[in-house]
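Here are the chains, one letter per residue:
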Amino acid sequence: MIGFDNVNKWYGRYQALVEITETIARGEVVVVCGPSGSGKSTLIRTINRLEPIDSGRIVVDGENIHRRGLDIDAFRSRIGFVFQQFALFPHLTALQNCTLAPVHHRRATAAQARERALALLDRVGLRDKADALPSALSGGQQQRVAIARALALQPSILLFDEPTSALDPEMVGEVLQVIKGLARDGMTMVVVTHEMGFAREVADRILFMDAGRILERATPADFFNRPQHPRAQQFLADLRSPFTS
Amino acid sequence: MPAFELSLLLSGPYHALLLAGLQVSLALLAVSFAVALPLALLVALAGQAPLAPLRGLAVVFVESQRSVPLLAHLLFWYFGAPELLPPDARQWLYEGDVEFLAAVIALSLYYGAYMAEDIRSGLRAVPVEQLQAARSLGLGFLPAMRHVVLPQAVRITVPPLLSQTLNLWKDTSIATVIGTAELMHQAAKVETESFRSLEAFAFATVCYLAVSLAIAAAAAGCQRRLAPGWRP
Amino acid sequence: MSFAEVVDTYWLYFLVGQYPQGPLGGLALTIVLASLGLLLALPAGLALGLARLSPWAALRWPVTGLIHLVRAVPLLLVIFWVYFFLPSITGVKTSQFSTMLMALVVYDAVYLAEIVRAGVQGLPRVQVEGARSLGLSWLAAMRLVLLPQALRNMLPSLVSQFVATIKATSLGYIIGLSELAFVTTQVNTQVFIYPTQLYLILGLSYFVLCFSLTRVAFWLERRLAPVSGQHPKLPARQPA
Ligand SMILES: Nc1ncnc2c1ncn2[C@@H]1O[C@H](COP(=O)(O)OP(=O)(O)OP(=O)(O)O)[C@@H](O)[C@H]1O
Ligand SMILES: [Mg+2]
């Protein structure tokens, strides 16, 4: 479904991704974790080409997505991306945020899009906020609208970049709940997160990154109980005793 | 249209006229800048003063300058203001270079007001927490200002001041309206005397561009030197 | 003639020039010219601003060059170029009004382009990424997501640019266009004995007009707290 083949990326002289080779299967839920600055955001953003790469290949649904001449807009409309800072459009209501892209891509008439968007808002528990502007919503509510907006295009893959990091602690649960529901429904997802409880519960696989490399790939059980790489062991030890880090 | 005659610009009477104009323009720029900047500092400080009347005066000055076109200021200083002087003083004035003087007064006051605003917003752009943080590290008020607040304020203020200087340079051209013999005036003069409008205005354009680019380059250089990788 | 008589004789001339017997002039001409100039410059400014932001270098570089070029020379020079050279291309003499209008449109378009650019760039980066990640093309993202937010944030700057344009119309004086400053000077040459008073009135008229508009801009800025990002800083003060 998603294949990385020896991908390298530089920011100037700093190499942010080093020889990344990895395959993510349809229906898989993959959690990416690692210390700050390790390249998690960079990695996930290359999957819908928000970041260009310098060498290697990324294949999504059989399509080489960094190929020149690819219709990137059509491609992106089949992949959902959820940002740490929500990125809701502040001049549009929750509902309009969800209908903008489907109508623009002519996937649906305005009425159909509205119908679907309302159903999705209902699914994330916000049907009654359909006509609210983002500024009138809490962080957790905004992030749930952002997820509904991504779902409105009926994507085959959902990408999350630290979806709960900008939230107050009491709102983290409501957003994770929605993501868990999607996982149960068999959505292919790549989630960058520091929520290790969530990773343990939902992930099929965990990728551990440091300094631009994927150092460990493991099931949650293996990763949390028997981490192999010293850096991963260190990372988990720091998580358990936050005062030593 | 006759062909472009470069030789006209390189030597001869028209060359001399244009060059003299350029010199007057540069003099206008230098003198007005030298007056405007200290004036701007004074006005900006008066705007922060604990005395309300002083603050009010600063506001009235800035707003009255900025809300009236430079051209109207020039007309006032050239035609209007001398009438307020006693006859002897007026006589003395008219024997001197009154066109240049009126232009300098108008430009200095006008740009003094604009630069005062730039300085004021530069001072305000440094968050109060910066001063508080410095104080809580045990720095006294003056050391805190000197080492923490002012360096930041200067970095914020210099780029807009330089772009204001560029505007000052361009606006020296408006002094032509009162007959100051600056570049634009001389170009128009060459135009009427020789009907060589293309050559005359090409010369003026190149001069204005060259000095503008020099100022813009200085601004870019300053930005790099003052603030490598620094963002407000 | 007392000053009161001067006012009594010339106030209408000051306001509208020779209108309706002759062409419109005075304060009315100043306002008409500034409004028309800014209005006509709006679409051009929007197009130039977008071109300057666009990802296509072949479009971005020439436009950036043009903007830098126009901003590096005095408006008066632009006026002279239009005044002396347009007729030699078109073969007909351009009226002072059209000359001034064209110069103002060129100048305003360039400044508006910078306002548009600053307005869009002042928005959080994630807004672009959010729009693009939904598969919106660059143009669609601009049209549907970024410009609606930016235009709202730009409103105070637009009012400030109108003030700048009003002030810029005074340069019409130099090519003999009978706008407010020119009309005042004409009155002064006829009356002769009240130059100080007349030019103070000229200044006061501009002041009332421009200062109240500046207050409107200030009020707008407070009233329309930006939906996101910041109000763009005017990229330069008003051309005089
Ligand atoms: N636009 C950029 N220009 C230069 N360097 C960058 C840029 N974006 C990221 N980097 C660098 O690349 C490295 C990886 O960044 P990235 O954002 O992918 O890390 P991350 O793992 O997502 O970290 P965090 O957990 O803090 O979000 C970092 O060292 C960062 O400083
Ligand atoms: Mg990140």
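The notes below deal with the structure included here. (Residues numbered from 1 in each chain as written. Chains lettered and ligands numbered in written order. Predicted model: local features only at pLDDT ≥ 70, side-chain atom pairs only at ≥ 80, totals over all residues. Heavy atoms only, no water.)

1. Remarks on the site of ligand 1
All names here are of chain A.
Thinking step 1. As a structural note, the neighbourhood of ligand 1 is formed by 13 residues, with Ser36, Gly37, Lys40, Ser41 and Thr42 the closest of them.
Thinking step 2. With respect to ligand 1, the side chain of Lys40 contributes an N or O atom lying 2.8 Å from an oxygen atom.
Thinking step 3. Between an oxygen atom of ligand 1 and a side-chain N or O atom of Thr42, the distance comes to 2.5 Å.
Thinking step 4. About the coverage of ligand 1: the protein hides 59% of its 630 Å² of free accessible area.
Thinking step 5. Of all the secondary-structure elements, those providing two or more residues to the shell around ligand 1 are strand S2 (14-24) and helix H1 (40-46).
Thinking step 6. Per-element tally for the shell around ligand 1: the top contributor is H1, with three residues.
Thinking step 7. Of the residues contributing to the shell around ligand 1, the split by class is four nonpolar, seven polar and two charged. (Near = heavy atom within 4 Å. Polar contact = N/O pair within 3.5 Å; in protein donor to acceptor, adjacent residues only side chain to side chain. Areas by Shrake-Rupley, 256 points an atom, 1.4 Å probe, with all protein chains shown as cover. Helix = DSSP H or I, 4+ residues; strand = E, 2+ residues; numbered from the N terminus. Nonpolar A, V, L, I, M, F, W, Y, C, P; charged D, E, K, R; others polar.)

2. Examining the side chain of Asn8 of chain A
Residues and elements named next belong to chain A.
Thinking step 1. Note on placement: Asn8 falls in strand S1 (residues 2-11).
Thinking step 2. Of the residues examined, Asn8 reaches a relative accessible area of 9% and is grouped as buried.
Thinking step 3. Residues within four places of Asn8 in sequence aside, it is in contact with Gln15, Leu17, Val18, Glu19, Ile53, Asp54 and Ser55. (Buried < 20%, exposed > 50% of the residue type's maximum accessible area, 1.4 Å probe, protein only. Contact = heavy atoms within 4.5 Å.)

3. A closer look at the sheet that holds strand S9 (residues 205-210) of chain A
Residue and element names in this part refer to chain A.
Thinking step 1. The strand order across the open sheet built from six strands is S6-S7-S8-S3-S9-S10, with neighbouring strands paired in mixed fashion. Here the strands that pair on one side only, and so sit at the sheet edges, are strand S6 (79-82) and strand S10 (213-218). Taking the axes of each pair of neighbouring strands and ignoring which way they run, one obtains an average angle of 15° across the sheet.
Thinking step 2. Examined bridge by bridge, strand S7 (residues 157-161) and strand S8 (residues 188-192) share five bridges and lie parallel to one another. Looking across to S8, one finds that Ile157 is bridged to Thr188.
Thinking step 3. Strand contacts of helix H5 (residues 139-151): S6 and S7, with the helix running at about 170° to S6, the strand carrying the most contacts.
Thinking step 4. Each of strand S3 (29-33), S9 and S10 touches helix H9 (residues 230-240); the most contacted strand, S9, lies at about 100° to it. (Pairing = 2+ DSSP bridges. Axes fitted to C-alpha atoms, helices over the stretch in contact; angles between N-to-C directions.)

4. Points about the sheet that holds strand S5 (residues 63-64) of chain A
Residues and elements named next belong to chain A.
Thinking step 1. Across the sheet, which stays open at both edges, the four strands sit in the order S2-S1-S4-S5 with antiparallel pairing between neighbours. Where the open sheet ends on each side, the last strands, each with one partner, are S2 and S5.
Thinking step 2. Judged from the five bridges that link them, S1 and strand S4 (residues 55-60) form a sheet pairing that is antiparallel. Its bridge partner lying in S4, Asn8 is registered against Ser55.

5. A short note on the interface of chain C and chain A
Thinking step 1. Counting residues at the interface gives 20 residues for chain C, matched by 22 residues for chain A.
Thinking step 2. Carbon and sulfur atoms supply 65% of the area that chain C and chain A bury against each other, a total of about 1700 Å² over both sides.
Thinking step 3. Broken down residue by residue, the surface that chain C buries against chain A is led by Val126, Ser133 and Leu134 of chain C, which jointly contribute 34%.
Thinking step 4. At the boundary of chain C and chain A, one finds two salt bridges.
Thinking step 5. A salt bridge links Arg45 of chain A to Glu129 of chain C, with the shortest nitrogen-to-oxygen separation between them at 2.5 Å. (Buried area = accessible area lost by both parts, 1.4 Å probe. Salt bridge = Lys/Arg side-chain N within 4 Å of Asp/Glu carboxyl O.)

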